[in-house]
Each structure stands twice: as structure tokens, then as C-alpha cells.
Amino acid sequence: MSGIDWFVLFLFFIVMIGIGLWSYLRVGNAEDYFTAGGKMPWWLAGVSHHMSGYSAAVFVAYAAVAYQYGFTLYVWWAIPVSIAIFVGAFTIAPRWARLREKYNIGSPMEYLANRYNIPTQQIMAWSGVLLKVFDVGAKWAAIAIILQVFSGLPLWVGILLSGGVSLIYSTIGGLWADALTDFVQFVIQLIAGLTMFIIILAKLGGISEIGGMWSKLPQHHSDLLAGPYTFWFVFAYLFIDFLSYNGGTWNLAQRYIATPNAKEARKSAILSGFLYLFWPLILFFPMWAAPIFFPDLDQPDQAYAILVTHFLPPGLIGLVLAGMFSHTMAMTTSDANAISSVVTRDILPVLTGKKQSLTSKGALFAGRITTLIFVLLTLLIAIYQNSFGGVLGLIITWFGALVGPVSIPMLLGLLPVFRHSGPVAAITSIIGGIVMFALDKYVFEVGTAATVGLPILVSFILFFGVGFFSKNFGVRQEVTDILNSISKDHAL
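Let us look at the structure shown here. (Residues numbered from 1 in each chain as written. Predicted model: local features only at pLDDT ≥ 70, side-chain atom pairs only at ≥ 80, totals over all residues. Heavy atoms only, no water.)

## Details of the packing of aromatic side chains
Note the threshold: Side-chain rings of Phe, Tyr and Trp (the six-membered ring for Trp) are treated as a pair once their centres are within 6.5 Å; stacked means planes under 30 degrees apart, edge-to-face means over 60, and tilted covers the remaining angles. Each helix corresponds to a stretch of at least 4 residues labelled H or I by DSSP, and each strand to a stretch of at least 2 residues labelled E; elements are numbered beginning at the N terminus. Three exposure classes are used, based on accessible area relative to the maximum for each residue type with a 1.4 Å probe and protein chains only: buried under 20%, partly exposed in between, and exposed over 50%.
Here the structure, examined in full by the defined rule, presents 34 aromatic pairs. An angle of 80° between the planes, with centres 5.5 Å apart, marks the rings of Tyr 245 and Tyr 276 as edge-to-face. Of this pair, Tyr 245 sits in helix 11 (residues 231-248) while Tyr 276 sits in helix 13 (residues 262-283), and the two are 31 residues apart along the sequence. Judged on exposure class, the residue Tyr 245 and its partner Tyr 276 are both buried.

Here is the structure:
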């Protein structure tokens, strides 16, 4: 990296902090901090939802998939995500907005105390918070590794640089800061991504190579499905994406909760879905072309970084690196705000028994302190990642396994068709999904699709099955009232 690249990166961080300071002036209470006061416009919520949905893994792990298998990356990742969000736009997203309007929720976990009971809510909240510490810590480490490839800086410097800046603006500005920085980061990565696309296309020989380059790549690179990415793998991921991108990943639910009403939430989801459908075609193109320029890479996950350092002039390298930082910072800061909302709104009141005495100002203070502590913990995890050895990888794997089982009672609990599935069904489905994953991973020898899909299937069967056999016990009036009040447009 040259001096001008560092200058570009420095300006990027200054802008992020500046937005945080500006957002601080807009945050007057806990509602502003956690849900933007329900005033976030649909276009900002949609862009923020998109930016918060993936991190620097796109430029590392996904770059390796593109290098080794080609176009299938778009088929198994981008298309299922888009479909999942489009379906959620008419089934799930509006319900999140109505929950805030009618019940003043400040976190996606808050409604679960009434929908099921407090023990069920606490099981889901604690498991998500504890595992997110390791998950977010791993993301800080990932972006630090990318910075090390570009600049040679020690990992701890990159971790503190990106994490420290994020710590400032996310702690003081809350969801407003997260969403506004997401928008600026989207513009930066849009410019960076288009720049990379145009330069690589020029190196290939012009616009005709958009279709022509595939004949220069290994034959299977143009296949819709290749390697381990089979039809069943994509089918399983479609369900995982539906659960995750519609709120199973808490920070994405917050974007819908922050919109003014159900109509705006639906529009924000549709915008995010279209971004996932079209933008990856530009973003992934250099990754697909990488084998033409560097046919024998020992480490495919460095393909994108190598393209950048070989083909971009000084200044643009810093811009592209800022774009990579954008994705990780967007995801980690939104995670921090979501975790803070869950701890402040759902866990602390149960621990202290003082939910009614916590004023809006008090909740705001608690939210900022919780965000600060959470980010600091994740930075420590990232810095001392080697001390965890294989444990960190194990925790991250278990976090991935929990996305589906924990999301099923959380998301499907919003739909009237599952009104008979109560606390027993929720807890049974969570435990069953986790046990199934453990069996797949450590006992049985199954393929990738089964490892991904079976925990979801088992959780769903248990959630629906226990609910079905519980019909004779009736449904609590409180549950009926919640489901009826949030299902006026699209009752299922």
C-alpha cells in the first residue's frame, strides 16, 4: 500500500466517526438508539439490511469458491438469499414493524416472552449473545488478515483499527449511526466494486468478455451447480436464508423493526432482495476471472486480494480495501447494536427484576455500556484468537448450527398457522436441531447438504409436530391477540 492508499483509508475511518458524532445528536432515548425511533426510511433500511448481511468473508471464503468452482457461487448464495428476502417481504418483514407499532418492542427477542414464556426467551437470548461474541471476534480477525495481506501490519493492529473506529460510532450513535454508515459504506463499495469490474473487464479485452471469458476457464466453472454445491445444498440453504435474512439473524430483524410501518418494511425488504440479486454479478466477476490471470494459486482465498494488488493503481487499492472494511464493519456494528438491545431489553430486566423502573434514559445508558462491553469482548477474542486453537472454530461452527434451530421458533412464532406451537415446542425444536447437527458433524458421515439441512428439518418437524399434538390444550388468549394484531395484511 502506498501513502495515498493509507490516506484514502484514513479518510474512510474519519467519515465513519463523523457520522457517529452526527448520529449522537439524533439519539435522545432508548427507542432512538435501538430502533431509530421507528423513523428509518425504507430505502435506508433496505440498504442497511443488505450491507449488514455479509462481511469480508465475501472477499476471502467466497473468493475461494469462485476461484475453484465458478458461477455456482452466485447460484447457491445470491439467488437463494434474494428469494428468501422476497418471500419474507410479504410474510415476515411487515410483522416486525407491526410488533414495534403495537407492542413497542426494542429487540427481536422481546416479543418472545409473551409469545412463549420468559424461560424460552432467555434460552434463546443467552445462547445467541454468548455465541455472537466469538462470531463477531472472528470477523474482526478476518478483516485484519486482509489488511495484513495488503500492508504487512500485525493482526492486532488491524483488529484495533477497524474495531476501535466501529466501537466509537456504534456506541454513541446506535442504530442511526449503523444505518447511515451502512449507506456511506454501500456507496464506497459500489464505487470500489464497479472500479474492479471495469478494470478486470478491460484486462480481459472488453465488454464482449462478460460472456466470452467462460470459454477460457475450466469447463465446470460455467455450470450452475458444481462441486459440493448440489441441488439439495441450494435447497437447504434457501430455508436457512429465509430464517436468517428475515430476522433469525437479529440485526437484520432490527432494520424492519426500525421502519415506520408494515408497508415501509416490505419496501425495504424488496430493495434488499434486488440488491442481492443484481449486485453480486458485478462484485463476483473479478473473482470468477481470477483463474485466467493466476491459474495455479496455492491459496484461492487470496484471489481477490491478489487481483487488487496486481491491477489497481495507488489510491484505488485503498478504496477497494475501504470497501472490504465496509462490509465487515456494517455487519459487526449492527450485530453489536442488536446484541445490546437484547441484553438491555430482555436479559437485564429478568436478571434485575426492575423492568418497570428502567427509564428510557436509563435504558439508553445501559445500551451504550452494553455495546461498549460487547465490542471490547469481541476485540479481545480476535486479538487472542490463537489461544483458542480449534475451540474458536468449533464455537463458530456451533453458532452456524444454531441459526436455524433458534430461528424457527422465533420466525415461525410470528405466523398464526403455528399458533399451537408453544414453549415446549420451541425448546424441543431448538434442542433437537442442535443434537441433529452434532450427530451429523461428529457421528454420522453425511454430505454437506445433509449437514446444513438436517438440523433445520428436525427443528421444523419438532416445532410443528409438538404444536400439532398440543391442539387439545388450546391457545392462550395473549398469543392469539399478538398473532391477530400483527397479521392484518397477510394472515397465514
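## A few points about unusual backbone geometry
Of note in the backbone geometry, Asn 104 takes a positive phi value of approximately 55° without being a glycine. Its location among the elements puts Asn 104 in the loop between helix 6 (93-103) and helix 7 (112-115).

## Some details on the side chain of Asn 251
What counts, and what does not: Here, residues are in contact when the closest pair of their heavy atoms is within 4.5 Å.
Inspection of the secondary structure puts Asn 251 in helix 12 (residues 250-257). Dropping the residues within four chain positions of it, Asn 251 is found in contact with Ser 52, Met 331, Ser 334, Asp 335 and Ala 338.

## Here we look at a nonpolar patch on the surface
Convention followed: Like-charged residues are merged into a patch within 9 Å and nonpolar side chains (Val, Leu, Ile, Met, Phe, Trp, Tyr) within 5 Å, provided each residue has over 30% relative accessible area and no salt bridge. Shrake-Rupley sampling with a 1.4 Å probe provides the accessible areas, and residues are treated as covered by the protein chains on show and by no other component. What counts as a salt bridge is simple: a side-chain nitrogen of Lys or Arg found within 4 Å of a carboxyl oxygen of Asp or Glu.
On the surface, a nonpolar cluster with roughly 1,000 Å² of combined accessible area is contributed by Trp 156, Leu 160, Phe 365, Ile 369, Leu 372, Ile 373, Leu 376, Leu 377, Leu 380, Ile 383 and Tyr 384. Elements that contribute at least two residues to the nonpolar patch include exactly helix 9 (155-204) and helix 17 (360-383). With respect to the helices and strands, the residue Leu 372 is situated in helix 17. With a relative accessible area of 31%, Leu 372 lands in the partly exposed category.

## So, the nonpolar core
Soluble globular proteins: nonpolar side chains tend toward being buried together. What counts, and what does not: Among buried residues, the Ala, Val, Leu, Ile, Met, Phe, Trp, Tyr and Cys ones that are joined through side-chain atoms within 4.5 Å form a nonpolar core.
With 136 residues, the main nonpolar core has Trp 77, Trp 96 and Met 324 as its most contacted residues. No other element matches helix 9, which puts 17 residues into this core. Those residues in contact with Trp 96, other than ones at most four positions away along the chain, are Ile 105, Pro 108, Tyr 111, Asn 246, Gly 247, Ala 253, Tyr 256, Ile 257, Met 410, Leu 411 and Leu 414. Val 27, Ala 30, Tyr 33 and Phe 34 belong to the second-largest nonpolar core, a separate cluster that totals six residues.

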